[in-house]
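Architecture at a glance
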Amino acid sequence: MPQDTGTGRLTPVTDDTFAATVLAADRPVVVDFWAEWCPPCRVVSKHLVELADEFGDALRFVTLNTDENPATTRAHRIMSAPTMLVFRDGEVVGSIVGSRPKDHLRRSFARHLDG
């Protein structure tokens, strides 16, 4: 699933690593809240791998398994998978719930880049 991307561009995070990896990040971070049992999550994951390569270092992409990390999932009121939240300076600045075409994701994420 999302952790086994082969690109190194999608970083798995957990309840324990979320604050340091996402909230303290020096650039915008897209968090993919996913679950193993979620077929649309697999589609979104493939899009995110490709988009992570496109955006390079301008935007960080991480994944969080909602079943294995209930504290972060509850803290951000994730009710559906997949859900993607965009964080900037420790705050949620964007969200997408459900599977969307890659072009939609690209445009949504691009809004959160500098310049």
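Residues numbered from 1 in each chain as written. Predicted model: local features only at pLDDT ≥ 70, side-chain atom pairs only at ≥ 80, totals over all residues. Heavy atoms only, no water.

Looking at an unreviewed UniProt entry, one finds the protein named Thioredoxin and attributed to Micromonospora echinospora. Quoted verbatim from the Sequence similarities (unreviewed entry) field of the UniProt record, the comment on the protein reads "Belongs to the thioredoxin family." (UniProt positions renumbered as here; feature names shortened; annotations may be inferred.)

**Comments concerning the confidence of the model for the protein**
For the protein, per-residue confidence averages 92 on the pLDDT scale, and residues scoring 70 or more make up 92% of the total. Note on residues 1–7: pLDDT is under 50 here. Beyond four places in sequence and across chains, it has 19 contacts. (pLDDT = per-residue confidence, 0-100. Contact = heavy atoms within 4.5 Å.)

**A short note on the sheet that holds strand 3 (residues 60–65)**
Spatially, 1-3-2-4-5 is the arrangement adopted by the five strands of the open sheet, whose pairing is mixed. Edge positions in the sheet fall to strand 1 (10–12) and strand 5 (91–97), since each has one partner strand and no second. Adjacent strand axes in the sheet meet at a mean angle of 25 degrees, parallel and antiparallel pairs treated alike. Alignment of strand 2 (residues 29–34) against strand 3, held across six bridges, turns out to be parallel. Within the sheet, the bridge partner assigned to Val30 lies in strand 3 and is Phe61. Packing of helix 4 (residues 102–110) onto the sheet brings it into contact with strand 2, strand 3, strand 4 (83–88) and strand 5, and relative to strand 5 it is tilted by some 170 degrees. (Pairing = 2+ DSSP bridges. Helix = DSSP H or I, 4+ residues; strand = E, 2+ residues; numbered from the N terminus. Axes fitted to C-alpha atoms, helices over the stretch in contact; angles between N-to-C directions.)

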